[in-house]
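Each chain is listed here by its residues.
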Amino acid sequence: KAGVTQTPRYLIKTRGQQVTLSCSPISGHRSVSWYQQTPGQGLQFLFEYFSETQRNKGNFPGRFSGRQFSNSRSEMNVSTLELGDSALYLCASSVRDRGPEAFFGQGTRLTVV
Amino acid sequence: ILNVEQSPQSLHVQEGDSTNFTCSFPSSNFYALHWYRWETAKSPEALFVMTLNGDEKKKGRISATLNTKEGYSYLYIKGSQPEDSATYLCAFPSNDYKLSFGAGTTVTVRA
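Only a predicted model underlies this, so the values are computations on that prediction, with no experimental measurement involved. The numbering scheme is per chain: residues are counted from 1 as the chain's sequence reads. Starting at A for chains and at 1 for ligands, labels are handed out in the order in which the entities are written. Given that the model is predicted, a residue must reach a pLDDT of at least 70 before its local features are reported, and side-chain atom pairs must reach 80 or more before they are shown or counted; all residues, however, enter totals for whole chains, interfaces and linings. With hydrogens and water set aside, each side-chain value is computed from the structure's full complement of heavy atoms.

The next point concerns the pattern of salt bridges. Residue and element names in this part refer to chain A. Here, a salt bridge means any Lys or Arg side-chain nitrogen found within 4 Å of an Asp or Glu carboxyl oxygen. One pass over the structure, following the stated rule, counts six salt bridges over all chains. The shortest N-O distance in the salt bridge between Glu-82 and Arg-63 comes to 3.6 Å. Of this pair, Glu-82 sits in the loop between β8 (74-78) and β9 (87-94) while Arg-63 sits in the loop between β6 (53-57) and β7 (64-68), and the two are 19 residues apart along the sequence. Here the term buried applies to any residue with accessible area under 20% of the maximum for its type, exposed to any over 50%, and partly exposed to those in between, with areas from a 1.4 Å probe on protein chains only. On the accessibility criterion, Glu-82 (42% relative accessible area) is partly exposed. Helix and strand assignments come from DSSP, with helices taken as H or I runs of at least 4 residues and strands as E runs of at least 2, each series counted from the N terminus.

By the convention used here, residues are in contact when the closest approach between their heavy atoms is within 4.5 Å. Tallying the contact residues gives 21 residues for chain B and 20 residues for chain A. Summed over both sides, the interface of chain B with chain A buries roughly 1,800 Å², with 61% coming from carbon and sulfur. When two parts are brought into contact, each loses some accessible area as probed by a 1.4 Å sphere; the total of that loss over both is the buried area. Summed over the three residues of chain B that lose the most area to chain A, namely Tyr31(B), Trp38(B) and Tyr97(B), the buried surface amounts to 34% of that side. On the surface where chain B and chain A come into contact, there are zero salt bridges. Under the rule applied, a polar contact is a pair of N or O atoms within 3.5 Å (in protein, one hydrogen donor and one hydrogen acceptor; residues adjacent in sequence only if both atoms are side-chain atoms). Here chain B and chain A share four residue pairs in polar contact (both at pLDDT 80 or more) between them.

What follows deals with the state of the cysteines. When two cysteine sulfur atoms are found within 2.5 Å, that pair is recorded as a disulfide. Enumeration over the complete set of coordinates arrives at two disulfides over all chains. A disulfide bridge connects Cys23(A) with Cys91(A), and the sulfur atoms are separated by 1.7 Å. Looking down the S-S bond of the Cys23(A) and Cys91(A) bridge, the torsion is -50°, so its handedness is left-handed. With Cys23(A) in strand β3 (residues 19-24) and Cys91(A) in strand β9, this pair connects stretches of sequence that are 68 residues apart. Per residue, the accessibility class of Cys23(A) equals that of Cys91(A), and both read buried. One disulfide bridge connects Cys23(B) with Cys90(B), the sulfur atoms lying 2.0 Å from each other. The S-S bond linking Cys23(B) to Cys90(B) shows a torsion near 80°; that makes this disulfide right-handed. In this pair, Cys23(B) is assigned in strand β3 (residues 19-24) and Cys90(B) in strand β9 (residues 86-93), connecting sequence segments 67 residues apart. You can call Cys90(B) buried: its relative accessible area is 0%.

Okay, the side chain of Arg63(A) next. Residue and element names in this part refer to chain A. On the basis of relative accessibility, which here comes to 16%, the residue Arg-63 falls in the buried class. Here Asp-85 takes part through its side chain, which lies 2.8 Å from a polar atom of the side chain of Arg-63. In this structure, Arg-63 is in contact with Asn-77, Val-78, Ser-79, Thr-80, Leu-81, Glu-82 and Asp-85, ignoring residues within four places of it in sequence.

Classification of ring pairs uses Phe, Tyr and Trp, with its six-membered ring standing for Trp, and accepts pairs whose centres are within 6.5 Å; under 30 degrees between planes counts as stacked, over 60 as edge-to-face, and the remaining range as tilted. Following the criterion strictly, the structure yields 15 aromatic pairs over all chains and no others. Taking the centre distance of 5.9 Å and the plane angle of 45° together, the rings of Tyr35(A) and Phe104(A) count as tilted. With Tyr35(A) in strand β4 (residues 31-37) and Phe104(A) in strand β10 (residues 103-104), the pair connects residues that are 69 residues apart, well separated along the chain. On the basis of relative accessible area, Tyr35(A) is assigned to the buried category, the value being 1%. According to the relative accessible area criterion, Phe104(A) is buried, its value standing at 8%. Here the aromatic residues Tyr35(A), Phe45(A), Phe104(A), Tyr36(B) and Phe101(B) are joined through ring pairs into a cluster of three or more.

All right, on to the nonpolar core then. Phe21(B), Leu33(B), Trp35(B), Phe48(B), Leu75(B) and Tyr88(B) are the most contacted members of the largest nonpolar core, which totals 22 residues. Listed by contribution, the elements that provide at least two residues to this core are β2 (10-14), β3, β4 (33-38), β5 (45-50), β7 (62-67), β8 (72-77), β9 and β11 (105-110) of chain B. The element best represented in this core is β9(B), accounting for four residues. Buried Ala, Val, Leu, Ile, Met, Phe, Trp, Tyr and Cys residues that are joined via side-chain atoms within 4.5 Å together make up what is termed a nonpolar core. Of all hydrophobic cores here, the second largest spans 21 residues; its members include Leu11(A), Cys23(A), Trp34(A) and Met76(A).

Structure follows, in structure tokens:
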């Protein structure tokens, strides 16, 4: 079966712009989480969605937002981009919360110039 | 904030040698402990989901043990091969729908 798909794979944006990243989970997976990875940092939790509801959000400014659609696809948006937002953004899906493992997409590499 | 810590940060291992490294996590409200392998240019992939104290899981040359009472897990690689070179992440799911990751242990196996 198809894995987690993230689009686009690479993105270059200018400071002040906004960006939308997309994640299509594995069919049947209802929980979608987003993570940010920057050099020297581990995976930092951004938010988790389940059945279109955000159930938790990490310690990120309000410029970071997301949503989940009825088909479980999720998007995250970053407004007013800053240089420090340059990172690899990973999406992961799982069948349900707290249980089985998360399945990750290949990520979107965002570069802010 | 949940502290999930991994040590060491990196390891250099000669091909054929065995190695191990640690993940420590909160011992209260334990539900599960995940191990992932993240190879360069790929996505993190789950190795093990461990749920029971004393649990030991094995996949090929890689195995893991779990001590929920003291809050640690060991991952072992027996007879390391170059293809074992990767970053190994542990993750702790909390009851607020968050999976907290350690910073990882990067293993480099030299031929």
